[in-house]
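# Per-entry structural report
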Amino acid sequence: MPSDPTAATPRAGWNFDNSFARLPDPLYVRLRPVPVRAPRLVVFNRPLCAALGLDAEALAGDAGAMIFAGNQLPQGAEPLAQAYAGHQFGHFTMLGDGRAILLGEQLTPAGERFDIQLKGSGPTPFSRGGDGRAALGPMLREYLVSEAMFALGIPSTRSLAVAATGEPVDRETVLPGAVLTRVAASHIRIGTFEYLASRGDQDGLRTLADYCLRRHYPSLSAAANPYLALFSAVVERQATLLARWLHVGFIHGVMNTDNMAISGETIDYGPCAFMDAYDPATVFSSIDLEGRYAYENQPNIAQWNLARFAETLLPLIHADQKQALQLAEEAVRAFPDLFRSAWFSGMRAKLGLITEEDADQALIKDLLTAMQESHADYTTTFSALALETPGQLSLLKGPALAQWLGRWQARLARQPEPFDAAQALMRAHNPQVIPRNHLVEEALAAATQRGDFSVLERLLAVLAKPYEVSPEHSAYCLPPAPSSQPYRTFCGT
Ligand code: AMP
Ligand code: MG
């Protein structure tokens, strides 16, 4: 008898192996998402579906809505809420998934492992008085910005779907509810380690560290001091990540230790936003009153967060705590150099510098100073350098920028490589389009106020190719019209 071809492939391609659910108890609580009244799929990521080995056709309709709203579990799911703690604006707090459920880990056809998590899926033991729900606007915002970051080539969690719940959520006003399906290398945070450390659970810490080594840094398991190696590897990934954020003008907005992933992916898109006019002191989040998470302060904060991570690992790094501290401090102190080197290398690419000269650092810094003084738009300034032929840089206004332009052109002329090569490098590093605040707001307003998702879909399509925008989409590249009101973002949970 011929075998049934569908029997080998579970329906829709779910292929879970839930290694986190095999970790010791205090790290999670098993529970299911709370079903919602009227699940409806409003955004769905078909390319990501395919990359995960899922059948987009089987999931695009009502069956997918049931799964992505949490009303039905995919085959093989072992739902749980993860426990974690974190330093929020510098203060230690016990947290945990207060409105998220990890369904399990999807093994992809390429052999990769990704967490599939529902966000906004109902209360958990970690909800701390919250309703466990999410509003449609913020979930669409996370979908949009995380997918834009991915397309920019920046490590990030991704978004598979947004399902409307048909239920209202009570915030300052009553808003439509939604559930986001988030895909991540893992959801293990610095705060996950802090949670175990605060309980004095050294066995748990070792188990979690071994797990992170196996899952995210397998080559380091054999290192002489694997826990120090794990820490240094996270320092390196975060240094690179922070440089990448700065290269595109990204401001995370709430870089608490519970929002920093051990995997090195950008995670937890809340009050994040991209800078328009270049100003290193830019802050968008309405609750960040002191500018703790301002654009230029992000690398310092990352290093501060990593120091909190190091503290949790001290008992594993060395039996002698004095020596452990010395080793950990040395590893934390590596961050600024790693960051600067990643930052300079990216900035050099943004300026098309192939050869190296001593004065390159000054050339880069002087451009930023001139941009700040003339309130130049960050993204269009760099894309103008990449796109226009020298001498026609109409977007660069003001005497300081004009003078800088002369220096830069002379610098490029000293490279043996033809301008084409410099231009190709610049085009690959200077996005033409980013999820600008006014575009994001326009798309979210259409979706949440009028039920019109077409504005969002068009924006998503343009953001999917940020380095090659076709002429008919050039309006997406423009900075916003001048406004008297500074842009503000809200946690809006
Ligand atoms: P976030 O600011 O999204 O990183 O969330 C910080 C913490 O608050 C996490 O533990 C969340 O699970 C929790 N949280 C945020 N919003 C809610 C909500 N509406 N209900 C319950 N917990 C929430
Ligand atoms: Mg968070």
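Owing to the predicted nature of the structure, the values given are computational and were not obtained by experimental measurement.

Within the protein chain, the regular secondary structure consists of 17 helices and 12 strands. In terms of overall dimensions, the protein chain is globule-like: its C-alpha atoms have a radius of gyration of 23 Å, near the 23 Å expected for 493 residues. Structurally, the protein chain occupies a C-alpha span of about 70 × 60 × 55 Å along its principal axes. Taking as baseline every contact in the protein chain between residues at least 6 positions apart, the subset at least 24 positions apart corresponds to 71%.

For the magnesium ion (ligand 2), every protein donor is listed as Asn 259 (OD1) and Asp 268 (OD), and the spread of their distances is 1.9 to 2.1 Å. The exposure class assigned to Asn 259 is buried, which follows from its relative accessible area of 9%. Since its relative accessible area comes to 13%, Asp 268 is described here as buried.

Before going further, it helps to examine the packing of helix 8 (residues 226-248) against helix 9 (residues 298-317). Orientation of helix 8 relative to helix 9, taken along the N-to-C sense of each, is 170°, at an axis distance of 10 Å. On the basis of the axis angle, helix 8 is roughly antiparallel to helix 9. The segment helix 8 lies against helix 9, with Tyr 227, Leu 228, Phe 231, Val 234, Val 235, Gln 238, Leu 242, Trp 245 and Leu 246 engaging Gln 298, Pro 299, Ala 302, Leu 306, Phe 309, Ala 310, Leu 313, Leu 316 and Ile 317. Taken together, the residues of the contact of helix 8 with helix 9 break down into 16 nonpolar, 2 polar and no charged.

Our focus in this paragraph is the site of ligand 1. Near ligand 1 you find 17 residues, and of these Gly 96, Gly 98, Arg 128, Asp 131 and Gly 132 are the closest. At a separation of 3.0 Å, an oxygen atom of ligand 1 approaches a polar side-chain atom of Arg 128. Of the residues in the shell around ligand 1, the class split is 2 nonpolar, 8 polar and 7 charged.

This paragraph deals with the domain arrangement of the protein chain. The domain architecture assigned to the protein chain consists of domain 1 (20-88 + 95-187) and domain 2 (191-343). When each unit is reduced to the centre of its C-alpha atoms, the spacing between domain 1 and domain 2 is 23 Å. Tallying the contact residues gives 33 residues for domain 1 and 33 residues for domain 2. Both faces considered, domain 1 and domain 2 share a buried interface measuring about 2,800 Å² in area, 60% of it formed by carbon and sulfur atoms. Counting the surface domain 1 buries against domain 2, the share from its top three residues, Pro 26, His 87 and Met 149, is 19%. Put simply, Glu 105 and Arg 215 hold a salt bridge, and the shortest N to O gap is 3.8 Å. Here domain 1 is connected to domain 2 by 16 residue pairs in polar contact (both at pLDDT 80 or more). Every element with two or more residues in the side of domain 1 that touches domain 2 is listed here: strand 4 (85-88), strand 7 (113-119), helix 5 (136-152) and strand 10 (174-184). With 6 residues, the top contributor of residues to the side of domain 1 that touches domain 2 is helix 5. Split into classes, the residues belonging to the side of domain 1 that touches domain 2 amount to 17 nonpolar, 9 polar and 7 charged.

So, on to the nonpolar core. When a protein is soluble and globular, its nonpolar side chains tend to lie buried together. Residues Phe 68, Phe 193 and Leu 385 are the most contacted members of the largest nonpolar core, which totals 127 residues. By residue number, the principal contributor to this core is helix 8, which donates 15 residues. If you count residues domain by domain, this core takes at least three from each of domain 1 (20-88 + 95-187) and domain 2 (191-343). Not counting chain neighbours up to four residues away, the residues in contact with Phe 193 comprise Ile 188, Leu 205, Leu 208, Ala 209, Cys 212, Ile 262, Phe 309, Thr 312 and Leu 313. Formed by 30 residues, the second largest nonpolar core is a distinct cluster that contains Val 42, Leu 136, Val 440 and Val 462.

Within strand 10, 8 of the 11 residues are buried, leaving the element largely enclosed by the surrounding structure. The pairing of strand 7 with strand 10 spans 5 bridges and is classified as antiparallel. Paired with Leu 118 across the strands is Thr 181, a residue of strand 10. Relative to strand 10, strand 8 (residues 134-135) runs antiparallel, the two being bridged by 2 bridges.

Of all 8 residues in strand 6 (residues 100-107), 7 are buried; the element is thus mostly enclosed. Bridge count between strand 6 and strand 7: 7 bridges; the pairing is antiparallel. Opposite Gln 106, over in strand 7, you have Phe 114 as the bridge partner. The turn linking strand 6 back onto strand 7 is made up of 5 residues, and Gly 111 within it adopts a positive phi angle of 85°.

What follows is about the confidence of the model for the protein chain. A low pLDDT score tells you not to read the predicted coordinates there in detail. When pLDDT is averaged across the protein chain, the result is 95; 96% of the residues are at 70 or more. Per-element confidence in the protein chain ranges from a low mean pLDDT of 42 for helix 1 (residues 5-8) to a high of 99 for strand 7. Counting interchain partners and residues more than four positions distant, the pLDDT-below-50 stretch residues 1-9 has 0 contacts.

On to the packing of helix 9 against helix 10 (residues 321-333). Viewed as axis vectors pointing N to C, helix 9 and helix 10 meet at an angle of 150°, and their least axial separation amounts to 9 Å. As far as their axial angle goes, helix 10 and helix 9 are roughly antiparallel. Crossing geometry of helix 9 relative to helix 10 is assigned as right-handed. Across from Gln 303, Ala 307, Ala 310, Leu 314, Pro 315 and Ile 317 in helix 9, the residues of helix 10 making contact are Gln 321, Ala 324, Leu 325, Leu 327, Ala 328, Val 332 and Arg 333.

So, how was this worked out
- Residues numbered from 1 in each chain as written.
- Chains lettered and ligands numbered in written order.
- Predicted model: local features only at pLDDT ≥ 70, side-chain atom pairs only at ≥ 80, totals over all residues.
- Heavy atoms only, no water.
- Helix = DSSP H or I, 4+ residues; strand = E, 2+ residues; numbered from the N terminus.
- Rg over C-alpha atoms; globule rule 2.2 N^0.38 Å.
- Contact = heavy atoms within 4.5 Å.
- Donors = N, O, S within 2.8 Å, 3.2 Å for Na, K, Ca; no water.
- Buried < 20%, exposed > 50% of the residue type's maximum accessible area, 1.4 Å probe, protein only.
- Axes fitted to C-alpha atoms, helices over the stretch in contact; angles between N-to-C directions.
- Parallel < 35°, antiparallel > 145°, perpendicular 65-115°, else oblique.
- Nonpolar A, V, L, I, M, F, W, Y, C, P; charged D, E, K, R; others polar.
- Near = heavy atom within 4 Å.
- Polar contact = N/O pair within 3.5 Å; in protein donor to acceptor, adjacent residues only side chain to side chain.
- Domains from an automatic or database assignment.
- Buried area = accessible area lost by both parts, 1.4 Å probe.
- Salt bridge = Lys/Arg side-chain N within 4 Å of Asp/Glu carboxyl O.
- Core = buried A, V, L, I, M, F, W, Y, C linked by side-chain atoms within 4.5 Å.
- Pairing = 2+ DSSP bridges.
- pLDDT = per-residue confidence, 0-100.
- Left-handed = near helix turned anticlockwise from the far one by under 90°.

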